[in-house]
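# Architecture at a glance
If you want the building blocks of each chain, they are given just below.
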Amino acid sequence: MIHKNIVCPVCGAACDDIQVEIKNGKIEAKNVCKMGISRFNEITSPRRFKQPLLKFGGKLRPVSWDGALQIAADILFSAKRPLISIGSETSCEAHEVGLMIGEYLGAIVDTIGNGATVMGTQEAGKVGATEGQKKNRADLLVYWGTNPLESMPRQMSRYGVFPRGYWTKRGRFDRTIITVDPRKTLTAKASDLHVQLKPDSDYELISALLTLLHGKTPHHSIEKITGVPVSVMEEMLNMMKNCNFGTISVGVGLSSSPGKYRNIEIAMNLVKELNKYSKFTIGVIRSNCNAAGFNQVASYMYGYPFGLDFMRGHPRYNPGEFTTVDLLREKDVDAAFIICADLLSQVPPDCAAYLKEIPLICLDTIPCPTTSISDIVLPGVVDSMECEGTFYRLDDVPIYFEPFLDSPFKFTQSNEDTLKQLFEIIKGKQNQDSIYQDSIFPVTYIDDPKTQNCSSGSQISSVQ
Ligand code: SF4
């Protein structure tokens with residue numbers, strides 16, 4: 001049987017036209033890129049977590065589901081300032097439950113990545129468009145600090161460059177491509193104009209473009225600072241002013257270079273001014289499938305897109321104080337729950353070292369550096385393949401997905417279900433006087449002939 005319109009859960013394109021067939025226990029997928037197919041193959045990978053694991057004697061050992069949830073709940077409930085870091089590789093429904101757990105516990109709930117882009121949007125406001133609008137209308141595409149041919153392979157073939165649109169019937173022949181990147185990437189080589197600026201000079205280049213747009217000539221030192229001749233800037237600006245519908249797709253190359261969210265802010269201001277000459281929009285190339293989802297869910301639930309502190313019983317938002325890297329660097333949290341993200345690989349070394357010091361719970365599908373230092377690993381269900389839910393695509397369009405397989409576990413149907421079960425246990429702890437001394441529950445090590453009955457207190461100290 002062929003399953004159609006399956007959503008790929010890998011990058012922000014969230015391609016929803018994947019065809020899947022299961023033959024002799026193997027998955028064959030069509031319309032999927034190389035990045036995507038490796039994720040589809042992961043479902044049947046022998047590396048996958050098949051049961052919960054608890055660290056005991058420095059090693060992760062299989063443990064009963066109820067025991068793992070109880071200990072996870074104990075760790076979170078007893079922490080004074082827990083951090084819940086929710087990644088993009090799960091559904092918005094799971095994000096919602098994770099945020100509710102954080103609110104209940106008075107925890108900090110954050111996600112990693114895209115913060116600078118969101119802050120830039122808050123400062124300047126975004127003239128946006130869906131990928132479908134770009135496909136049908138855009139005749140000029142600017143890729144700034146991103147290399148979608150390698151990081152989001154089907155963005156250019158489905159929406160950006162090659163497909164025939166309503167107003168761009170000849171596909172690539174009706175479109176002009178500009179790439180702004182210090183590197184000679186595949187995308188840059190496939191472009192009509194490659195503006196090869198010096199690293200970390202994005203803000204200065206956009207400032208110079210704005211100066212030219214205002215009819216003035218930028219100071220001659222700009223050529224030395226950016227490495228881009230003013231004549232090239234003028235050529236680029238003329239292309240932008242004279243198109244019918246232009247769009248800038250920015251990547252982490254812009255939001256992560258010095259200037260951070262100010263780079264995004266000034267790029268959005270440039271787009272606003274370009275709308276005096278033509279229709280122009282800006283979007284973000286998000287490298288993870290539901291990277292936009294957390295910002296959307298947190299915003300509609302609590303009014304803030306990331307870095308929410310519930311310690312005072314109401315949400316507070318202060319990037320730089322309530323955000324993951326800052327909290328870990330200041331050693332301001334005493335336990336962490338990482339949901340569907342390899343946080344260890346994304347934070348600086350001092351933050352990673354602190355993560356190793358505190359009790360750590362992880363929800364994930366396959367081993368990664370973060371699971372290797374975790375005290376408890378809860379096995380994850382693969383969204384879009386094994387359970388239904390919603391992703392937000394890179395252009396903030398919600399994509400509902402249905403699975404083609406059932407959950408491989410009897411104890412949970414989805415990551416949302418896992419978090420709901422955990423939330424119920426946490427709520428049940430409200431009535432207990434002292435969870436360390438009084439809570440007795442059975443912990444069954446699957447690989448141990450003896451069933452061990454122990455207090456959560458002794459178990460907690462063993463995982464620390
Ligand atoms: S472009 Fe992204 S979403 Fe589409 S198939 Fe490739 S990895 Fe999956």
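Predicted model only: the values in this text are computed from it and were never measured.

### A word on the site of the ligand
Contacts to the ligand come from Cys8, Val10, Cys11, Ala14, Cys15, Val32, Cys33, Met35, Gly36 and Arg154. Looking at the shell around the ligand, its residues break down into eight nonpolar, one polar and one charged.

### What to know about the pairing of strand 2 (residues 18–23)
Strand direction decides the pairing type here: strand 1 (residues 2–6) and strand 2, joined by three bridges, are antiparallel. Bridged to His3 within strand 2 is Val20. Strand direction decides the pairing type here: strand 2 and strand 3 (residues 26–30), joined by five bridges, are antiparallel. Across the sheet, the residue bridging to Glu21 is Glu28, located in strand 3.

### Some thoughts on the nonpolar core
Of all hydrophobic cores here, the largest spans 46 residues; its most connected members are Ile101, Phe337, Ile376, Leu378 and Leu422. Per-element accounting of this core gives the leading share, eight residues, to helix 2 (residues 65–78). Contacts of Leu378, omitting those with residues within four sequence positions, involve Trp65, Ala68, Leu69, Phe337, Ile361, Cys362, Leu363, Asp364 and Thr418. Judged by nonpolar contacts, the second largest core, of 38 residues, contains Leu140, Val195, Val232 and Phe280.

### Overview of the sheet that holds strand 3
With antiparallel pairing, the three strands of this open sheet are ordered in space as 1-2-3. Each of the sheet's edge strands pairs with one partner strand only, and the pair in question is strand 1 and strand 3. Mean inter-strand twist for the sheet, computed between neighbouring axes without regard to direction, equals 25 degrees. The sheet strands contacting helix 1 (residues 34–42) are strand 1, strand 2 and strand 3, and the helix crosses strand 3 at an angle near 155 degrees.

### A word on unusual backbone geometry
Here Asp200, not a glycine, exhibits a phi torsion of approximately 65 degrees, which is positive. Located in the positive-phi region is Ser384, a residue other than glycine, with phi close to 80 degrees. Inspection of the secondary structure puts Ser384 in the loop between strand 17 (376–379) and strand 18 (389–392).

### Brief notes about the side chain of Arg158
Along the chain, Arg158 turns up in helix 7 (residues 153–160). According to the relative accessible area criterion, Arg158 is buried, its value standing at 17%. A polar contact of 3.0 Å, which involves the side chain of Arg158, links it to the side chain of Asp16. A distance of 2.9 Å separates the side chain of Arg158 from the side chain of Tyr159, its partner in a polar contact. In contact with Arg158, other than residues within four places in its own chain, are Cys15, Asp16, Asp17, Lys135 and Pro163.

### Remarks on the environment of Ile285
Counting through the fold element by element, Ile285 comes out in the loop between strand 12 (279–284) and helix 14 (291–302). Classification of Ile285 by relative accessible area gives buried; the value is 8%. Along the backbone, Ile285 and Cys11 are 274 residues apart, and their C-alpha atoms lie at a distance of 9.3 Å. Dropping the residues within four chain positions of it, Ile285 is found in contact with Tyr143, Thr146, Ser151, Met152, Gln155, Ser249, Val250, Gly251 and Leu394.

### Describing the domain arrangement of the protein chain
The domain architecture assigned to the protein chain consists of domain 1 (2–41), domain 2 (51–113 + 290–463) and domain 3 (116–284). Note on domain 1 versus domain 2: buried area summed over both sides is about 1200 Å², and carbon and sulfur give 71% of it. Considering only the surface of domain 1 that becomes buried against domain 2, Val7, Pro9 and Arg39 emerge as the three largest contributors, covering 42% of it. One can count zero salt bridges joining domain 1 with domain 2. Scanning the region where domain 1 abuts domain 2 turns up three residue pairs in polar contact (both at pLDDT 80 or more). For the side of domain 1 that touches domain 2, a count of residues per class yields 10 nonpolar, two polar and two charged.

### Focus on the sheet that holds strand 11 (residues 245–250)
Spatially, five strands are ordered 10-9-8-11-12 in an open sheet, and the strand pairing comes out parallel. Each having just a single partner strand, strand 10 (193–195) and strand 12 make up the two edges of the open sheet. For this sheet, the mean angle separating the axes of adjacent strands, direction not counted, is 15 degrees. Sheet topology places strand 8 (residues 140–144) next to strand 9 (residues 176–180); five bridges connect them, and they run parallel. Bridge pairing in strand 9 places Tyr143 opposite Thr179. Its contacts with the sheet put helix 13 (residues 261–274) on strand 11 and strand 12, and the angle it makes with strand 12 is roughly 160 degrees.

### Some thoughts on the pattern of salt bridges
Under the criterion given, the structure shown has 23 salt bridges. In this structure, Glu273 engages Lys276 in a salt bridge whose closest nitrogen and oxygen atoms are separated by 3.7 Å. By relative accessible area, which is 21% here, Glu273 ends up partly exposed.

### Observations concerning the UniProt feature "domain: Molybdopterin oxidoreductase" (unreviewed entry) in the protein chain
Sites flagged by UniProt as "domain: Molybdopterin oxidoreductase" (unreviewed entry) map to residues 48–409. The span residues 48–409 shows a helical share of 39% and a strand share of 19%, and its end C-alpha atoms are spaced 12 Å apart.

Conventions we followed
Residues numbered from 1 in each chain as written. Predicted model: local features only at pLDDT ≥ 70, side-chain atom pairs only at ≥ 80, totals over all residues. Heavy atoms only, no water. Near = heavy atom within 4 Å. Nonpolar A, V, L, I, M, F, W, Y, C, P; charged D, E, K, R; others polar. Pairing = 2+ DSSP bridges. Helix = DSSP H or I, 4+ residues; strand = E, 2+ residues; numbered from the N terminus. Core = buried A, V, L, I, M, F, W, Y, C linked by side-chain atoms within 4.5 Å. Buried < 20%, exposed > 50% of the residue type's maximum accessible area, 1.4 Å probe, protein only. Contact = heavy atoms within 4.5 Å. Axes fitted to C-alpha atoms, helices over the stretch in contact; angles between N-to-C directions. Polar contact = N/O pair within 3.5 Å; in protein donor to acceptor, adjacent residues only side chain to side chain. Domains from an automatic or database assignment. Buried area = accessible area lost by both parts, 1.4 Å probe. Salt bridge = Lys/Arg side-chain N within 4 Å of Asp/Glu carboxyl O. UniProt positions renumbered as here; feature names shortened; annotations may be inferred.

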